[in-house]
Amino acid sequence: MKDLTYDVAVIGAGAAGMSSSAATAKAGLKTVVIEREQYPGGILLQCIHNGFGLHHFKEELTGPEYAERVVKESMDSGSNLLVSTTVNEVKKLDDNSKLLTCYSADQGVIRIRAKAVILAMGCRERNRGNIGIPGSRPAGVFTAGLAQRLLNIDGYLPGHEAVIVGSGDIGLIMARRLTWVGIKVKAVIEIMPFPSGLTRNIAQCLNDFNIPLYLSHGVTGIIGHDRVSGIRVAPLKDGVPVEAEAFKIDCDTILLSVGLVPENELSRKTGVEINHSTGGPYVDAGQMTSVDGVFACGNVLHVHDLVDYVSQEAETTAEKVIEYVKGQAATTEQEKAVPGANVRYVIPNRYCPGQKNHFYLRSMVVEDKAELQASIDGNIVFSKKLNYVKPAEMVSVDIPPEATANQSGDLTITLAER
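Attention here is on the structure that accompanies the text. Note on numbering: residues in each chain are counted from 1, in written sequence order. Whole-chain, interface and lining totals are the exception, using all residues; otherwise, since this is a predicted model, local features are given only for residues with pLDDT of at least 70 and side-chain atom pairs are given and counted only at 80 or more. Calculated side-chain values reflect all of the structure's heavy atoms, with hydrogen atoms and water omitted.

Topic: the packing of aromatic side chains
Link 1 in the chain: To pair, rings of Phe, Tyr and Trp, with the six-membered ring standing in for Trp, must have centres within 6.5 Å; the planes then decide the type, stacked if under 30 degrees apart, edge-to-face if over 60, and tilted in the middle. The tally for this structure, following the rule as stated, stands at 5 aromatic pairs.
Link 2 in the chain: For the ring pair Phe57 and Tyr66, a centre distance of 5.1 Å and an interplane angle of 75° mean the geometry is edge-to-face. Across the pair, Tyr66 and Phe57 agree in class, each one buried.
Link 3 in the chain: Taking 6.3 Å as the distance between ring centres and 80° as the angle between the ring planes, the aromatic pair formed by Trp180 and Phe209 counts as edge-to-face. Exposure is judged per residue with a 1.4 Å probe applied to protein chains only, and the accessible area is read against the type maximum: over 50% gives exposed, under 20% gives buried, and values in between give partly exposed.

Quick look at the structure:
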C-alpha cells in the first residue's frame, strides 16, 4: 500500500481533467491526475475526425491532436499522472481533506490525501437497455462509441450494411466514417422531429453522402437470430408508432447513438447531490458540489457538444479550486440560478449577485430567432438576442455584474421566440 499527499486530485484524464490540472499545477498546487485507462486523453483518442479546438486553440484539430495539446499543457505545468489506476472511494476526513482509495494492477492499493478533488470522469453512452427496443438479442448491435473504438483504434469493421438509431453527434460522425471504409449506411432513425446533433454534422456527415434521415420515426423491433438481419421502423404520431406504415430496413449492423449520461457512480458514492435534469452534480457558482472541497467540470457535470467548452469550463473550475486550496475563496452570498420556460437546465446552479456570472444552458425548442432573458422576481435584468437555438447545441452566455448588482432572489433564465 502506498500513501501519497497532494493539494489537488483530479479524477479523469480527458479534456476536463487535463485542462483543470494544467491550471492548478501552473498555480503552484501539487496536482495529481488519476486515469483508469492506459493512456491520458479520454474519448478524444478515438475521435480521429477534425473539428476540435476552433474556440480553445483557434485552429482546427483532430481529437488525438487536441488530446496531445491538453496533456502536454498539464505535464509541462508539473502535474503528476497515474494511469491504469481506478478510484474506488473518496472519503471526507475530519480535517476536511479527502482520502482517495485507488487500485492499480502495477502498484496495488494507493491512498491519496488531497485538499480538493476535481471530478472529471466524463460520460458514457446510453445503450439498448436504456431505451427498451424490442426484439431478439443478435450480434451486430453496438453503441456508436464502441463501433468508433473498434474501427479507429482496434481496426475492426463492425459489419457491411448499417442503420444508425439516433442522430447524436457520435452517430452522425460514424455514419460518415462507416461510409468512408465501404460500409453502406442505409439510414439514420431519429425519434424526435428535429436532429439531436450539431447542424454542421448533419450537413457534413449525412447530406454530403446522401444518407437518409428519418425524423419522428421509432424502432419497433430488431430482426435476426445469430446476427442482425434487419430493423423494423415506424413513423410516430403523438409519440406512438403507426404500425400500419411500418417498414423493414435490411442490415447486419445497428449502431445506437441515443444520448450520453454523465459517469457519476463515484459521485453518488461520495455523497454528491445529483441534478436529475443533467445526470451530473449540482454545483454552486464556484463549481463546487454539495460535498465541500469536491468540484466537478466537463461531461461528468453535464454533457457538452464541444470539447472547447469542456476545457473552458475546466479552467474556470480550476480558478475556484486554486482559491479554495489557498484559502482565498470568496464568501459572497450566492443565490439560485434556475431554468425557466424553454430551458432544460442551467449550469452552474447558483450565482453571485453583483459579479460576472457565466452560464451554460440547453434549449428545449428549435427557434430561428430567439431571445434569452434573465429575470429576478419577475423583473428582467438581462436579455440577449440569439440567432438560432436548438436542443443539440449548448448556449454559453455571460451575464455582466451590473445585471445582478443590488439584487437578491432566484435568477430565472428563459428562452423566448422573437
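Now that the structure has been shown, the text picks up again.
Some thoughts on the packing of helix H1 (residues 15–26) against helix H2 (residues 63–76)
Link 1 in the chain: Contact pair H1 / H2: the axes reach a minimum separation of 7 Å and the direction vectors enclose 30°. Between H1 and H2, the interaxial angle falls into the category roughly parallel. Considering only the axes of H1 and H2, their crossing is left-handed. On the side of H1, the interface is formed by Ala15, Met18, Ser19, Ser21 and Ala22, while H2 contributes Tyr66, Val70, Val71, Glu73, Ser74 and Met75.
Link 2 in the chain: Each residue gets one of three labels, nonpolar for Ala, Val, Leu, Ile, Met, Phe, Trp, Tyr, Cys and Pro, charged for Asp, Glu, Lys and Arg, and polar for the others, Gly among them. Residue classes in the contact of H1 with H2 are distributed as 7 nonpolar, 3 polar and 1 charged. To get an axis, a line is fitted to the C-alpha atoms, and for a helix only the part in contact is used. The angle between two axes follows their N-to-C directions and goes from 0 to 180 degrees. Numbered from the N terminus, helices here are DSSP runs of H or I no shorter than four residues, and strands are runs of E no shorter than two. Here the word oblique covers every angle except those under 35 degrees (roughly parallel), over 145 (roughly antiparallel) and from 65 to 115 (roughly perpendicular). Should the near helix be turned counterclockwise from the far one by less than a right angle, the crossing is left-handed, whereas a clockwise turn marks it as right-handed. Two residues form a contact once any of their heavy atoms are found within 4.5 Å.

A short note on the sheet that holds strand E21 (residues 335–339)
Link 1 in the chain: Paired strands, in this sense, are two strands between which DSSP finds at least two bridges. Pairing is mixed in the open sheet, where 5 strands are placed in the order E23-E21-E28-E25-E26. A single partner strand is all that each edge strand has here, and the edge strands are strand E23 (350–351) and strand E26 (379–386).

Remarks on the pattern of salt bridges
Link 1 in the chain: Salt bridge criterion: a side-chain nitrogen from Lys or Arg within 4 Å of a carboxyl oxygen from Asp or Glu. This model, assessed by the stated rule, comprises 11 salt bridges.
Link 2 in the chain: Here Arg36 ties to Glu263 by a salt bridge, and the two come within 3.9 Å at their closest N and O atoms. Placement of Arg36 in the loop between strand E2 (31–34) and strand E3 (50–52) and of Glu263 in the loop between strand E19 (260–262) and helix H7 (265–270) is noted, with a sequence separation of 227 residues between them.
Link 3 in the chain: Residue Arg36 is classed as exposed on the basis of its relative accessible area of 52%.

Describing a nonpolar patch on the surface
Link 1 in the chain: Taken together, the side chains of Tyr39, Leu45 and Ile153 make up a nonpolar region of the molecular surface, amounting to roughly 280 Å² of accessible area.
Link 2 in the chain: With respect to the helices and strands, the residue Tyr39 is situated in the loop between E2 and E3. In this analysis, a patch consists of residues with relative accessible area above 30% that form no salt bridge, clustered at 9 Å for like charges and at 5 Å for the nonpolar side chains Val, Leu, Ile, Met, Phe, Trp and Tyr. Using the Shrake-Rupley algorithm and a 1.4 Å probe, accessible areas are obtained, with residue cover drawn only from the displayed protein chains.

What about helix H6 (residues 199–206)?
Link 1 in the chain: Taken as a whole, H6 has its buried residues at Asn201, Ile202, Cys205 and Leu206. Down the axis, H6 shows its buried residues gathered within 105° of arc, on one side only.
Link 2 in the chain: Looking at the buried side of H6, the elements it contacts are helix H5 (169–180), strand E12 (184–189) and strand E13 (213–214). Think of it as the arc spanned by the lines of direction from the helix axis to the C-beta atoms.

Brief notes about the pairing of strand E8 (residues 108–119)
Link 1 in the chain: Two strands pair when backbone bridges link them, and strand E1 (residues 2–11) and E8 are joined in this way by 9 bridges, in the parallel orientation. Bridging from a neighbouring strand, Val8 pairs with Ala116 of E8.
Link 2 in the chain: As defined by bridge partners, strand E7 (residues 98–104) adjoins E8 across 7 bridges and the pair is classed as antiparallel. For Lys98, the partnering residue across the bridge sits in E8 and is Ala114.
Link 3 in the chain: Where E7 folds back on E8, the antiparallel hairpin that results is connected by 3 residues.

Some thoughts on the layout of surface pockets
Rolling a probe over the atoms, with the probe sized like a water molecule, indicates the empty space that remains.
Link 1 in the chain: With a 1 Å grid spanning the protein atoms alone, the term cavity applies to any set of points in which a 1.4 Å probe fits but cannot get out, the term pocket to an open set with protein on both sides within 12 Å along at least five of seven lines, and the term lining residue to any residue with an atom within 4 Å of a point. Grid points are joined across faces, edges and corners, and a volume is the space filled by probe spheres set on the points. Put simply, the second largest pocket is a space of about 660 Å³.
Link 2 in the chain: Contributions of two or more residues to the lining of the second largest pocket are made by helix H8 (307–325) and strand E24 (357–363).
Link 3 in the chain: When residues in the lining of the second largest pocket are grouped by element, the largest group, 5 residues, is from H8.
Link 4 in the chain: Each residue belonging to the lining of the second largest pocket can be placed in one class, and the counts come to 9 nonpolar, 8 polar and 7 charged.

Observations regarding the sheet that holds strand E22 (residues 343–347)
Link 1 in the chain: The sheet built from 3 strands is open, its strands ordered E22-E24-E27 with antiparallel pairing. Either end of the sheet is taken by a strand with one partner, and the two such strands are E22 and strand E27 (395–399). Adjacent strand axes in the sheet meet at a mean angle of 30° when their direction is disregarded.
Link 2 in the chain: Both E22 and E24 contribute to a ladder of 4 bridges, which runs antiparallel. Across the sheet, residue Ile347 finds its bridge partner in E24, namely Tyr360.
Link 3 in the chain: Its contacts with the sheet place H8 against E22, E24 and E27, and it is angled at close to 145° to E24.

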